[in-house]
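The residues making up each chain are set out below.
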Amino acid sequence: MSRRRTTAPAPLLAPLVLLSLLLAPLLLVLTAAGQAQAVGYRYWSFWDRTGGTWTYATQGPSTARPSDGDVEGFRFAVSEDSQDASKPRGKADFASVCAGTGTRAGTKRVALVLDFGTAADAPSGEAPPAPRTACARVPSDATAADALASVAKPLRYDTNALLCAIAGYPRTGCGEQVSAPHQPTASGHPRSGAPHHGPSAGLLAGLAAVALLGAAAIWQARRRRG
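Now for a description of the structure that goes with this document. As the structure is a computational prediction, the values presented were derived from the model and not from experiment. (Residues numbered from 1 in each chain as written. Predicted model: local features only at pLDDT ≥ 70, side-chain atom pairs only at ≥ 80, totals over all residues. Heavy atoms only, no water.)

Quick look at the overall build of the protein
Each helix and strand counted, the protein has 4 helices and 8 strands in total. When its helices and strands are written in sequence order, the protein yields α-β-β-β-α-β-β-α-β-β-β-α. In the protein, which comprises 226 residues, the proportion classed as buried is 37%. Sequence-distant contacts in the protein: of pairs separated by 6 or more residues, those separated by 24 or more amount to 70%. (Helix = DSSP H or I, 4+ residues; strand = E, 2+ residues; numbered from the N terminus. Buried < 20%, exposed > 50% of the residue type's maximum accessible area, 1.4 Å probe, protein only. Contact = heavy atoms within 4.5 Å.)

Digging into the packing of aromatic side chains
For the structure on display, the rule yields 6 aromatic pairs. Ring centres of Trp 44 and Phe 76 lie 5.4 Å apart, and the angle between their planes is 55 degrees; on these two criteria the pair is classed as tilted. Residue Trp 44 is found in strand E1 (residues 39–50), and its partner Phe 76 is found in strand E3 (residues 71–79); the two are separated by 32 residues along the sequence. One exposure class covers both Trp 44 and Phe 76, and it is buried. Ring centres 5.3 Å apart and planes at 70 degrees place the aromatic pair Phe 76 and Tyr 169 in the edge-to-face group. Of this pair, Phe 76 sits in strand E3 while Tyr 169 sits in the loop between strand E7 (163–165) and strand E8 (177–179), and the two are 93 residues apart along the sequence. There is no split in this pair, since Phe 76 and Tyr 169 are both buried. Site record: aromatic cluster; members linked through ring pairs are Trp 44, Phe 76, Phe 116 and Tyr 169. (Phe/Tyr/Trp six-rings, centres within 6.5 Å; stacked < 30°, edge-to-face > 60°.)

A few points about the nonpolar core
Core analysis: the largest hydrophobic core is formed by 21 residues, its most contacted members being Trp 44, Phe 74, Leu 112, Leu 114, Leu 148 and Ile 166. When residues of this core are traced back to their parent elements, those giving at least two are E1, E3, strand E4 (107–115), strand E5 (132–139) and helix H3 (144–151). Beyond its immediate chain neighbours, meaning those up to four positions away, Leu 148 contacts Phe 74, Leu 112, Leu 114, Leu 155, Leu 163 and Ile 166. Listed in part, the 14 residues of the second largest apolar core include Trp 47, Trp 54, Ala 92 and Ala 111. (Core = buried A, V, L, I, M, F, W, Y, C linked by side-chain atoms within 4.5 Å.)

Section: the state of the cysteines
In total, this model carries 2 disulfides according to the counting rule given. Covalent S-S linkage joins Cys 98 and Cys 135, the inter-sulfur distance amounting to 2.0 Å. Disulfide Cys 98 to Cys 135: torsion about the S-S bond roughly 105 degrees, handedness right-handed. In this pair, Cys 98 sits in the loop between helix H2 (94–97) and E4 while Cys 135 sits in strand E5, placing the two residues 37 residues apart along the sequence. One exposure class covers both Cys 98 and Cys 135, and it is buried. Once the disulfide-bonded cysteines of the protein are ranked by sequence position, their pairing pattern turns out to be 1-2, 3-4. (Disulfide = S-S within 2.5 Å.)

Re H3
Along an α-helix, residues three or four apart share an orientation, since each turn contains 3.6 residues. Within H3, burial applies to Ala 144, Ala 145, Ala 147 and Leu 148. End-on, the buried residues of H3 take up no more than an arc of 160 degrees, which puts them together on one face. Here the buried face of H3 lies against E1, E3, E4, E5, strand E6 (156–157) and E7. (Arc of directions from axis to C-beta.)

Below is the structure:
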């Protein structure tokens, strides 16, 4: 009585080995992508408000020139980029913020919402001040940064003109990379927002599918030759 074969036929072993070799780099990429998304940056983000909706500003505060009646917001948080950034909290509008500030020739009024964030996003040893609003009356050609400086000093900037602190908060640091326990985050320059690090899940799935199809094609070809 013949002994039952317990190993796979030789034509099948080769594609299985090839498949393992093809998938191993994909697993490494998946691991690296997960690690890249586990960090973020702590910074002040800048927002425009239209009606009841906050929109991530397309310009920095040093170049944006709001009009009379505009509402601008600043939020301190650990965020990934413009898609992940936390919006200013509250429902303040221009009428409520600037109700006691009258018009004046050659000036404009800008409502500012300053959200210093949560304790979870605060630097070690610091506590965020309570959110507040302010109505800035500034020259008609003033930027959002000018409006902010008129109501929330001291401001702090780094050598690249990145806004680091509003009303002295935080005392130190500027866009530093930190762990992000609440959401996967990873960002480039905080002002403009950077693309997500690591390949997308769809791309990785596609690469895996290509690897599988390639191994299957080799196996079919060897079967036909056999």
